[in-house]
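# Working through the structure, step by step
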Amino acid sequence: MEPPISATLRDQTLDLLSRGAATSRADLVEALQVAPSTVTAMVRRLLEEGVLAEEGMGRSTGGRPPRILRLRETKGVLAVAELGGRHARVGLCTPGGGLRTTEEVAIDIAAGPEEVFAVVGATFTRLLAATTPDQVLLGVGLALPGPVGFPEGRLVGPARMPGWSGVDAGAHLTDHFQVPVIVENDAKAAAMGEYVTRRQETGDMIYVKAGTGIGACLVTGGQIHRGGRGLSGDVTHVRVADSGERHCSCGSQGCLETVASGAALARQLAEQGSSAVTVPEIITAVGDADPTVVTMVRHAGGLLGVALSGLVNFLNPDTVVIGGALSSLDVYVAATRSMLYERCLPSMTQSLTIEASGAGSNAALIGLGHLLRTTVDVRPT
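Rules and cut-offs
One numbering rule holds for all chains: residues counted from 1, following each sequence as written. Per-residue local features are limited, in this predicted model, to residues with pLDDT of at least 70; the limit for side-chain atom pairs, both in listing and counting, is 80 or more; totals at the level of whole chains, interfaces and linings are taken over all residues. Derived side-chain values reflect all non-hydrogen atoms in the structure, with water molecules and hydrogen atoms excluded from consideration. UniProt positions are given in the numbering used here, feature names are shortened, and annotations may be inferred rather than shown by experiment. For helices, the axis comes from a line fit to the C-alpha atoms of the stretch in contact; other axes are also lines fit to C-alpha atoms, and the angle between any two N-to-C directions lies between 0 and 180 degrees. Think of it this way: any DSSP run of H or I at least four residues long counts as a helix, any run of E at least two long counts as a strand, and we number them from the N terminus. Orientation categories follow fixed angle ranges, with anything under 35 degrees roughly parallel, anything over 145 roughly antiparallel, 65 to 115 roughly perpendicular, and all other angles oblique. Working rule for contacts: check all heavy atoms of both residues, and any pair within 4.5 Å makes them a contact. Between any two strands, pairing holds if DSSP finds at least two bridges. The rule for a salt bridge is simple: a side-chain nitrogen of Lys or Arg has to be within 4 Å of a carboxyl oxygen of Asp or Glu. Partly exposed describes any residue whose relative accessible area lies between the buried limit of under 20% and the exposed limit of over 50%, with all areas from a 1.4 Å probe on protein chains only and scaled to the type maximum. Think of a nonpolar core as a cluster: buried Ala, Val, Leu, Ile, Met, Phe, Trp, Tyr and Cys residues, connected wherever their side-chain atoms sit within 4.5 Å.

An unreviewed UniProt entry lists the protein chain under the name ROK family protein, with Salinispora tropica given as the organism. Under the heading Sequence similarities (unreviewed entry), UniProt records this for the protein chain: "Belongs to the ROK (NagC/XylR) family."

Following both chains from N to C, one finds helix α6 (residues 186-198) and helix α13 (residues 363-375) inclined at 80 degrees, their axes separated by 6 Å at the closest point. When the axes of α6 and α13 are compared, the pair comes out roughly perpendicular. From α6, Asp-186, Ala-189, Ala-190, Met-192, Gly-193, Val-196 and Thr-197 reach across to α13, where they touch Ala-363, Ala-364, Ile-366, Gly-367, Leu-368, His-370 and Leu-371.

Strands sit in the order β10-β9-β8-β11-β12 across an open sheet of five strands; the sheet is mixed. The sheet is open, and its two borders are formed by β10 (223-224) and β12 (353-356), each paired with just one other strand. Here strand β8 (residues 205-210) pairs with strand β11 (residues 319-323) via five bridges, running parallel. Paired with Met-205 across the two strands is Thr-319, which belongs to β11. Against the sheet, helix α10 (residues 291-315) touches β8, β9 (214-220) and β11, its axis set at about 160 degrees to β8.

For side chains bearing opposite charge, pairing can occur when the charged atoms are close. Per the stated rule, a full pass over the model turns up 12 salt bridges. A salt bridge links Arg-226 to Glu-184, with the nearest nitrogen and oxygen atoms 2.7 Å apart. Separated by 42 residues along the polypeptide, Arg-226 in the loop between β10 and α7 (257-260) and Glu-184 in strand β7 (residues 181-185) bring together distant segments of the chain. Neither Arg-226 nor Glu-184 differs from the other in exposure class; each is buried. Of the charged contacts in the structure, one is a salt bridge between Arg-267 and Glu-271, with a shortest N-O distance of 3.9 Å.

So, on to the sheet that holds strand β5 (residues 99-106). An order of β5-β4-β3-β6-β7 is seen for the five strands of this open sheet, with the pairing classed as mixed. This sheet does not close on itself; its edge strands, each paired only once, are β5 and β7. On average, each strand axis in the sheet is inclined to that of its neighbour by 15 degrees, with strand direction left out of account. Taken together, the five bridges between strand β6 (residues 137-144) and β7 define a ladder with parallel strand orientation. Bridge pairing links Leu-142 to Val-183 in β7. Together, β3 (77-83), β6 and β7 form the strand contacts of α6, whose direction differs from that of β7 by roughly 100 degrees. Together, β3, β4 (87-93), β5, β6 and β7 form the strand contacts of α13, whose direction differs from that of β3 by roughly 135 degrees.

All right, on to the nonpolar core then. Core analysis: the largest hydrophobic core is formed by 43 residues, its most contacted members being Ile-282, Val-297, Val-320, Ile-322 and Tyr-332. Elements with a contribution of two residues or more to this core: β8, β9, α7, α8 (262-271), α9 (279-287), α10, β11 and α11 (330-343). It is α10 that provides the largest number of residues to this core, a total of 11 residues. When near neighbours in sequence (up to four residues on either side) are disregarded, Ile-322 contacts Val-208, Ala-210, Leu-304, Leu-308, Ser-327, Tyr-332, Val-333, Thr-336, Glu-355, Ala-356 and Ser-357. With 30 residues, the next largest nonpolar core counts Val-90, Val-105, Ile-107 and Trp-164 among its residues.

What follows is the structure in structure tokens.
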């Protein structure tokens, strides 16, 4: 019986071969630091799938010359999209998962799935038409700003997506495009994109997407931790001490979303008569050192740190990454970091890395490309 092959090991193997860092089984054994039998099983499987090809012989170092391994050229693209409240970020990935092109288009998430899917589908079609004519669509990935059941891809009570509860986005996209489809929560997709972008051993990572709303995800062992129904990571509705009693969209009071999200900052600033009442305007105001805005952003980042401190003490991650639009604000990230150091046990923060996202606004698209190529069959038929 062949040894089990993890998705992480498969991804590392494909990465080494695509970069030319390995060209033979012996190279893979040395680079991956795994048993030769594991590499043999991995290569055999990838050869059977048609992902790899063997061609020619390498130089002998004393024994039998090694067979040269290469990735097969695959004509095709993966279409990926991340939906927000007012915009969708749409892109195309190579079969290897690399992001090829991106574009932002206006949508209104409250208009409902039919209208939004029509806009995203038309954008996919336009981007595909602009690529090489012989390219084919191999798979579609969609990230949604709400809780997504796994693996069916059905939305479960999304507070910020009126009219979307229970929508089977996966079935809709499969019917329309007739290719494999993945539907994922936006924070989970972005967490995987961040993990892949870092490449080096990141260890266990808590990723927080702090934008108009707030979402989170734990990546452990290179895999998304999903929980029983795939709904893990909902820090949005964690009640934060000293956050006030403002009502949340979930019906409760004092949730993290009401004090630390972009929407909360915009509302608070509007109540004070500030002209910075959208997330882009808040970012600009911080850059201009507006004292009122900077103070509020710092307070919001600190409250995020309060909410995360219990998770850090409980999970003991190696890395905490802040992504989303607010991650571009150093004062927000610094306040989160400061509060984590203040609230967490010293043993938990001694080697903890706390920083802003490296993948930036493309994190979810990169994550979707990775998930498509590692979890579903996206080979051309």
